[in-house]
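Each chain, written out:
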Amino acid sequence: MALDHVETLECTLCGATYDPDQVIYTCPNHEGVAGILDVKYDYDVINDQFDAVLDGHISSQWKYQAFLPVDTSATPVTLEEGGTELLDAPQLSETLGVNVRIKNDGRNPTGCFKDRATSVAVTKAQHADQDVVTCASTGNAAASLAGYAARAGLDCRIFVPADAPEGKLVQPRVYGADVLAVAGSYDEAYDLSLAVTDAYGWYNRNAAINPFQIEGKRTVGHELAEQTREEVPDWVVFSMGDGCTIAGCWKGFQEFAELDYVDDTPQMLGVQPEGASAIHDAFHEHDEIDDVAETLADAVAVGRPRNTLKACRALEESGGTAVTISDNDILAAETLLGRTEGIYAEPAGAAPIAGIRAARERGIIADDESVVAVVTGFGLKDTAGAKRAVGEVTDIKPTLDDVAAHYGASDGGVEQVSGSEL
Ligand SMILES: *Cc1c(COP(=O)(O)O)cnc(C)c1O
Ligand SMILES: [Zn+2]
């Protein structure tokens, strides 16, 4: 059998197991979609099949195909997602007073980390002869799904809150998807997409409930383990919405540690906006957990995260923790990252930088520790948000006088450089 490296789907609540060959989303023993499933592997089979050299050369996440829960006869639906560089960030490190490296996942094909998961989910949908894929999304998962559906020749119908940033509503339509802009929150769009999946039988890529989509997110953990083998960071920092991303990274990194490909694991630091802090609150055992989601970081504006359990387990097992930050902190982090390192992130992508600052202030991250921040989304996804941080452009007339009004009169001493010298 060609899926024999996947043992079973196991319920995170009651431990019941299900056949990985069927299309099943959650454990039916629990109300709603509470019974999130986890994919369990046979690592002896994987270890036998995996013969890639862990030398830091990663052209795409499919380097780790042996770890992905796809049938070995399936053809990957790929746009070369993953394989993102791990950058030194000397100026940012100096500002934050701690050694920081950046994993720049805004460079993925549709501009966001979610392509790792989408590539796996769409590969599975195509292999299972599904014609229509769907999801609910704060915006990025929808754009990602639309792109990969186009690549695979599948129809794509997506549910997005109507107030998502314009770029995220336009991008999936360029890829040919039907975008159903829901007059409501992400949480309402999510519930609707579940009802639709039940009623129409479309293949659902939703965060958390599709047990396979999170598995693609493990590859960021595999990559980080490979890229930091010589110097495993003390901390890896993510923003959290539904919580799948941080949980996926932890699972991937830990797998590589268990297989002795790397000899240490980092602590995971999860970052949430003050206005959408449900996982943070659950982790710190707050009595009352609000399901409001008010933040300009739309990609993590989640009131009822579907993967709180997996995310909290990742924080706990890794010895990590969660912090919250304000929207102003996020905007400051966005410009700080741009100005110090030339990396343009959308608000949720910059939030880890704000989280590092908060964790430094609270003594969670020490001076001599090392940190990797994963930037999950590209800045051009949401220019309206960034505009609040950078203010207006300087308007001038096309005259030297107007330039002089800003920089002072020219001293006339600059020699003209001729075209041939340029
Ligand atoms: C979805 C998303 C996240 C959060 O991922 P979860 O799995 O929902 O926790 C963070 N940043 C960006 C840019 C995203 O699109
Ligand atoms: Zn169960």
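Use the structure listed above.
Residues numbered from 1 in each chain as written. Chains lettered and ligands numbered in written order. Predicted model: local features only at pLDDT ≥ 70, side-chain atom pairs only at ≥ 80, totals over all residues. Heavy atoms only, no water.

*Asks:* How should the environment of Leu-79 be read in this particular structure?
*Replies:* With respect to the helices and strands, the residue Leu-79 is situated in the loop between α1 (43-49) and β4 (86-88). Relative accessible area serves as the criterion here: at 31%, Leu-79 is assigned to the partly exposed category. (Helix = DSSP H or I, 4+ residues; strand = E, 2+ residues; numbered from the N terminus. Buried < 20%, exposed > 50% of the residue type's maximum accessible area, 1.4 Å probe, protein only.)

*Asks:* Can you walk me through the state of the cysteines in this structure?
*Replies:* Two cysteines joined by a covalent bond between their sulfur atoms form a disulfide. Within the structure shown, the criterion is met by zero disulfides. Cys-135 forms no disulfide, and the closest cysteine sulfur to it belongs to Cys-156, at a distance of 6.6 Å. Take Cys-135: its relative accessible area is 0%, and that puts it in the buried class. (Disulfide = S-S within 2.5 Å.)

*Asks:* Is there a simple way to think about the pairing of strand β11 (residues 267-273) in this case?
*Replies:* Summarising burial for β11: six of the seven residues are buried, a large majority. The pairing of strand β10 (residues 235-239) with β11 spans five bridges and is parallel. Looking across to β11, one finds that Phe-238 is bridged to Gly-270. The handedness of the β10 to β11 crossover, carried by helix α8 (residues 244-258), is right-handed. With five bridges joining them, β11 and strand β12 (residues 321-325) adopt parallel strand pairing. The residue bridging Gln-272 from the neighbouring strand is Thr-324, located in β12. (Pairing = 2+ DSSP bridges. Right-handed = clockwise from strand over helix to strand, strands pointing away.)

*Asks:* Would you mind showing me how to read the nonpolar core here?
*Replies:* Note on soluble globular proteins: their nonpolar side chains tend to be buried together. Ranked by internal contacts, the top residues of the largest apolar core, which has 80 residues, are Phe-238 and Phe-256. Among the elements that make up this core, the one with the highest residue count is helix α4 (residues 140-152) (seven residues). Those residues in contact with Phe-238 that lie beyond four places of it in its chain are Phe-113, Val-220, Thr-245, Ile-246, Cys-249, Met-268, Leu-269, Gly-270, Val-271, Pro-352, Val-374 and Thr-376. Counting residues in hydrophobic clusters, the runner-up holds 35 residues, among them Ile-102, Ala-333, Ala-358 and Ala-373. (Core = buried A, V, L, I, M, F, W, Y, C linked by side-chain atoms within 4.5 Å. Contact = heavy atoms within 4.5 Å.)

*Asks:* So what exactly am I meant to see when it comes to the coordination of the zinc ion (ligand 2) here?
*Replies:* Note on metal sites: the ideal angle is 109.5 degrees for four tetrahedral donors, and 90 or 180 degrees for six octahedral donors. Protein coordination at the zinc ion (ligand 2) comes from Cys-11 (SG), Cys-14 (SG), Cys-27 (SG) and His-30 (NE2), with a distance range of 2.0 to 2.4 Å. Seen from the zinc ion (ligand 2), its four donor atoms lie at angles of 101 to 114°, and the figure they make is tetrahedral. In primary sequence terms, the donor set of the zinc ion (ligand 2) follows C-x2-C-x12-C-x2-H. (Donors = N, O, S within 2.8 Å, 3.2 Å for Na, K, Ca; no water. Tetrahedral: all angles 85-135°; square planar, octahedral: opposite > 155°, others 65-115°.)

*Asks:* Could you clarify how one ought to interpret the site of ligand 1 in this entry?
*Replies:* With respect to spatial proximity, 17 residues lie near ligand 1, and among them Lys-114, Asp-242, Gly-243, Thr-245 and Thr-376 are the closest. With respect to ligand 1, the side chain of Lys-114 contributes an N or O atom lying 2.6 Å from an oxygen atom. A distance of 3.2 Å separates an oxygen atom of ligand 1 from a polar atom in the side chain of Lys-217. Here ligand 1 loses 98% of its free accessible area of 380 Å² to cover by the protein chains. Class assignment of the residues belonging to the shell around ligand 1 gives a composition of six nonpolar, seven polar and four charged. (Near = heavy atom within 4 Å. Polar contact = N/O pair within 3.5 Å; in protein donor to acceptor, adjacent residues only side chain to side chain. Areas by Shrake-Rupley, 256 points an atom, 1.4 Å probe, with all protein chains shown as cover. Nonpolar A, V, L, I, M, F, W, Y, C, P; charged D, E, K, R; others polar.)

*Asks:* Teacher, can you tell me more about the packing of helix α3 (residues 115-127) against α4 here?
*Replies:* Relative orientation of the contacting elements α3 and α4 amounts to 40°, with a least axis distance of 9 Å. Classed by the angle they form, the pair α3 and α4 counts as oblique. α3 and α4 meet at a crossing whose hand is right-handed. Contact residues: α3 offers Asp-115, Thr-118, Ser-119, Val-122 and Gln-126, while α4 offers Ser-144, Leu-145, Tyr-148 and Ala-152. The residue makeup of the contact of α3 with α4, split by class, is four nonpolar, four polar and one charged. (Axes fitted to C-alpha atoms, helices over the stretch in contact; angles between N-to-C directions. Parallel < 35°, antiparallel > 145°, perpendicular 65-115°, else oblique. Left-handed = near helix turned anticlockwise from the far one by under 90°.)

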